[in-house]
Amino acid sequence: MKKASEAFSELEFNTLLERLKKLTPEAEKEAHFEPSYKESSFEQISTELKKAKKVALNFIRESDEINSILLSFGDSVHVLEAAELEKIKPYLEDKKLKKLTFDSKPLIFALRFDEIRLAGVSFDVQLGAYLLQPTRTNYTASDLGFRYLKLYIGEGQDSFRQAIIDCYLAYHLEEPLTKKLTEGKLEKVYNELELPLSPVLAAMEYRGIGINKEELKTYSNELAQMINKLEEEIYRLAGEEFNINSPSQLSSILFEKLKLKPVKKTKTGYSTDSTVLAKLINEHPIIENMINYRELAKIKSTYVDALPKMVNPKTKRLHTTFNQTVTATGRLSSSNPNLQNIPIRTDIGKRIRKAFVPARATDLLLVADYSQIELRVLAHLSKDETLTKAFEEHKDVHQATAAEVFGLPVNKVSEEARRKAKAVNFGIVYGISSFGLAQQLQIDAKEAATYIEMYFNRYPKVKSFIDRTVSDAYKKEFVKTLYGRCRQLPELKSNDVRIRNFGERSAINSVIQGSAADIIKQAMINVENALFTDDLMSRMVLQVHDELIFEAMALEKSALSSLVKKQMESAYVLHPSLEVNISTGPNWLEAK
DNA sequence: CGTCTCAGCGCGTAC
DNA sequence: GTACGTGCTGAGACG
C-alpha cells in the first residue's frame, strides 16, 4: 500500500513538472534548443541545391524505408517527401556536392534499396566524434551539441524531431569538429580511413552472407538430443533436478550438496566457470558432464538456434551491422548478429561454420587472413632485429620465440615449450602482466615473471618499446597508432595502482591492436576499389579483425586470390612485411 | 498480487 | 587486451 502511494505521488510530481514547463514557454525556449524546419518541395529548394557547395543530409526512416528527406543549407531544415527522391538522386550521386551527415552508413544503406549510390560524403559527425574520444560509449546529439556548440538539446526526442536535430548538427558541427580533428592530427585517419571505409561497410552489410538454415535445423535437433542425455546424467549424479543454466543453483549443488572444494569467488558467490570446472575434473563425475553440457548449450543457444532467426526473409541472408564507433582501439565490432565470434576452435563449434555458404552453390567463399599481423606490427614498431628476422625468414614465430626464450635449438622445441611461448607472445600483445600470464598457463606468478624476463632478455627492443610507450602515455595521457589514431588513458591518473596498471596494459594493447586495425581498414578500402577497377563480380562480405571473407565467383577464384593478396599485403609498408594466407572452399569451414 | 521489463552479472565465443 | 549474446536473477514498474 505504501509503495503504491509513493509511486503515485512521484508520478503526480512528474506530471506537475511537465505542466510547469508548458506554462513557461520562454524559459523552455531558452533552455532547450529547437532547430526550425519547413516542409518544402524539390522546386522550392532546387535553385539553392544547384548552387550549393555542401548540404546536410538525413532521412526519416522506418527500418530501411525512407519516409522523408531532410536537407539543410545551414539555416532551416527542409523536409521533403520521399517521393522526391528521384529528383534529388543526381545531387546525392554527385561527388562534387559535399554531403554533411550525422551518421552516414545507415543513409548509404537505405539508399541502396532505391538504387542510389550516395557520393561525396565529406563529413560524418559520429566518425569525427569517435576519433576525438574513442572510449565514449555513445555519441548522442544532446552530448555533442552541448560539447561542441553549447546547445541544450533534450534527450529522448521523438524520431521526427531527432532526425531534424541530427540534420542541423551535421551542418553546424562540421566546423568545430573539423577544427578539433586537425588539432589532434586526426585528419589522415579521418579522411583516408574512416570516411572512405563507411560506404564499404554499408555495402558489405547490404550484401550479407548466405546461411544454410536446414543444416542448422538438423544440428539443433542433434544437439537437443545430446544435451538431453547430459541433463539426465547430471540430474542423476546430483541426486535432484535443478536449473543447470543457473550458476547459483549449480554452485549450491557442487559446493554444498556434493561438498566439492570451491576454487574462486565471484561478486555473488562461488565461481563455476570453465577454468573452475577444469580444475575439479577428477573430483566428481558430474564435472565432465557439466563441461560437455556447457559447450553444447552455448553453441546451441548462441549460434545454432539464434542465427536462423536473424535471416532476412527478403534476401534470405544474414546481414550483420559493422559498428565503426564502438571500440576503444579502432577495431570494428559486429552485432545483430555478431559474425566476428563464430566458433572455430572445437569440433562442436566448427559445424556452425559449415552453414555459412555463398549465394549460389557453384560459388565459393574465400578467406584471406593476415599472418600474425599484431606481432609483425610489434616488430615494426619496436624495430627488434630478432623478432623482425623471424618473420623475414618465414619462421613459425611461436616456435622461434620458444627457441629464443628457453635457449633451445629450433628442432628441440617441444609442444609444451611452444605453447608457453605462444602464451607469452599473446601476453606481450595484450600488455602483459605476470598475473595474467600465470593464469593463462596455470603456473605461479613467479614462474610467469621469469618467462617474461627471459623474453625481454632475448627481445630487448620489444622491452624498450613497451617502456617507451608507457612512459610516453603517462606524459601525454594518450597513445597513438601507426595512422595517428588516438586513445586517451585517464586510468593513468588514478591513485589506484590496479587501475594504473590496467591503463598501462591498455596503452600497449591499443597501439598494437589499433595499428593492426588501421592496416586492415586501409586494405578493405583498397580491395573494394580494386574489385571495381578490375571489374570482378566477387564481393567482400565479412571482416573478422585480421581476415577478410569474400563471396567468390568460381571463374574468378584465381584473379580474386591474387588481387586480394596483393592489396592486403601492400596496404601498408611494414618492416617486416605483411603476409596474407588465402584459402577457398564451398563453405566457411572448408575455406579455413 | 501476478506479470512484465530492465539492468547487472556470470559465462563463453571470437581475434 | 578488445568486443557481443544468452540466460539467470532481483528490482521496480505496471495493471
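Not measured: the values here are computed from a predicted model.

Asker: When you look at the protein's contact with DNA strand C in this model, what are you seeing that I'm missing?
Answerer: Close to DNA strand C lie 28 residues; Ser246, Ala328, Ser333, Asn336 and Asn509 are nearest. One nitrogen or oxygen atom from the main chain of Ala328 is found 2.9 Å from a phosphate oxygen belonging to DNA strand C. Within the side chain of Arg331, an N or O atom sits 3.4 Å from a base nitrogen of DNA strand C. Of all the secondary structure elements, the ones that give two or more residues to the surface near DNA strand C are α12 (247–257), α14 (285–304), β10 (333–335) and α24 (497–533). At five residues, the largest contribution of residues to the surface near DNA strand C is made by α24. When the residues that make up the surface near DNA strand C are grouped by side-chain class, the tally is five nonpolar, 19 polar and four charged.

Asker: How should I be thinking about the side chain of Thr329 in this particular structure?
Answerer: On the secondary structure map, Thr329 appears in the loop between β9 (321–323) and β10. You can call Thr329 buried: its relative accessible area is 7%. In this structure the side chain of Thr329 is engaged in a polar contact, spanning 2.8 Å, whose partner is the side chain of Gln513.

Asker: What am I meant to see in the layout of surface pockets here?
Answerer: Remark: the empty space left among the atoms is shown by a probe the size of a water molecule rolled over them. Reported here for the second largest pocket is a volume of approximately 760 Å³. Along its surface, the second largest pocket is lined by 41 residues, and Phe109, Glu205, Tyr206, Thr320 and Thr321 are the ones closest to its centre. For the lining of the second largest pocket, the secondary structure elements donating two or more residues are α5 (104–112), α6 (125–132), α10 (187–207), β9 and β15 (539–543). Counting contributing residues per domain, the lining of the second largest pocket is built from domain 1 (33–208) and domain 3 (326–377 + 474–592), each supplying no fewer than three.

Asker: How do you make sense of the packing of helix α17 (residues 373–382) against helix α18 (residues 385–392) when you look at a structure like this?
Answerer: Helix packing for two helices is described by the angle between their axes and how far apart those axes are. Packing of α17 against α18 leaves a shortest axis separation of 8 Å and a crossing angle of 135 degrees. Looking at the two axes, α17 sits oblique to α18. Judged by the twist between their axes, the crossing of α17 over α18 is left-handed. On α18, the residues that touch Leu375, Arg376, Leu378 and Ala379 of α17 are Leu387, Thr388 and Phe391. In terms of residue class, the contact of α17 with α18 is built from five nonpolar, one polar and one charged.

Asker: When you look at the side chain of Ser506 in this model, what are you seeing that I'm missing?
Answerer: With respect to the helices and strands, Ser506 occurs in helix α24. What makes Ser506 buried here is its relative accessible area of 7%.

Asker: So what exactly am I meant to see when it comes to helix α21 (residues 434–441) here?
Answerer: In an α-helix, one full turn covers 3.6 residues, which means residues spaced three or four apart are oriented alike. Within α21, burial applies to Leu437, Ala438 and Leu441. What you see down the axis of α21 is that its buried residues fit within an arc of 100 degrees, all on one side. In α21, the exposed residues that point more than 90 degrees away from the buried face are Phe435 and Gln440. Considering only its buried residues, α21 is in contact with α20 (415–430) and α22 (445–458). Following α21 by one or two positions, Gln442 has its phi on the positive side, about 55 degrees.

Asker: Got a minute to help me understand the environment of Arg345 in this structure?
Answerer: Within the secondary structure layout, Arg345 lies in the loop between β10 and α16 (347–354). Separated by 85 residues in the primary sequence, Arg345 and Tyr430 have C-alpha atoms spaced 20 Å apart.

Asker: Teacher, can you tell me more about the protein's contact with DNA strand B here?
Answerer: Around DNA strand B lies a shell of 21 residues, among which Thr272, Ser274, Arg331, Asn341 and Ile344 are the nearest. At a separation of 2.9 Å, a phosphate oxygen of DNA strand B approaches a polar side-chain atom of Arg294. The contact in question runs from a base oxygen of DNA strand B to an N or O atom on the side chain of Arg331, over 2.8 Å. With three residues, the single largest contributor to the surface near DNA strand B is α14. For the surface near DNA strand B, the residue count by class is six nonpolar, eight polar and seven charged.

Asker: I'm lost on the sheet that holds strand β8 (residues 317–318) in this one. Help?
Answerer: Strands belonging to one sheet form pairs held by backbone hydrogen bonds; the direction of such a pair is parallel or antiparallel. Spatially, three strands are ordered β8-β7-β11 in an open sheet, and the strand pairing comes out antiparallel. Unpaired on one side and paired on the other, β8 and β11 (356–357) mark the two borders of the sheet.

Asker: I'm lost on the packing of α22 against helix α23 (residues 460–476) in this one. Help?
Answerer: Contact geometry of α22 with α23 gives a least axis separation of 4 Å together with a crossing angle of 105 degrees. Classed by the angle they form, the pair α22 and α23 counts as roughly perpendicular. Along the contact surface, α22 presents Tyr455, Phe456, Asn457 and Arg458, while α23 presents Pro460, Val462, Lys463 and Ile466. Classifying every residue of the contact of α22 with α23 gives five nonpolar, one polar and two charged.

Asker: What exactly am I supposed to notice about the environment of Asp496 here?
Answerer: Within the element layout of this structure, Asp496 appears in the loop between β14 (486–488) and α24. With 221 residues separating them in the primary sequence, Asp496 and Thr275 have C-alpha atoms 28 Å apart. At 2.9 Å, the side chain of Asp496 and the backbone nitrogen of Arg498 are in polar contact.

What counts as what
- Residues numbered from 1 in each chain as written.
- Chains lettered and ligands numbered in written order.
- Predicted model: local features only at pLDDT ≥ 70, side-chain atom pairs only at ≥ 80, totals over all residues.
- Heavy atoms only, no water.
- Near = heavy atom within 4 Å.
- Polar contact = N/O pair within 3.5 Å; in protein donor to acceptor, adjacent residues only side chain to side chain.
- Helix = DSSP H or I, 4+ residues; strand = E, 2+ residues; numbered from the N terminus.
- Nonpolar A, V, L, I, M, F, W, Y, C, P; charged D, E, K, R; others polar.
- Buried < 20%, exposed > 50% of the residue type's maximum accessible area, 1.4 Å probe, protein only.
- 1 Å grid on protein atoms, 1.4 Å probe; cavity = no way out; pocket = protein on both sides within 12 Å on 5 of 7 lines; lining within 4 Å.
- Points joined across faces, edges and corners; volume = space filled by probe spheres on them.
- Domains from an automatic or database assignment.
- Axes fitted to C-alpha atoms, helices over the stretch in contact; angles between N-to-C directions.
- Parallel < 35°, antiparallel > 145°, perpendicular 65-115°, else oblique.
- Left-handed = near helix turned anticlockwise from the far one by under 90°.
- Contact = heavy atoms within 4.5 Å.
- Arc of directions from axis to C-beta.
- Pairing = 2+ DSSP bridges.

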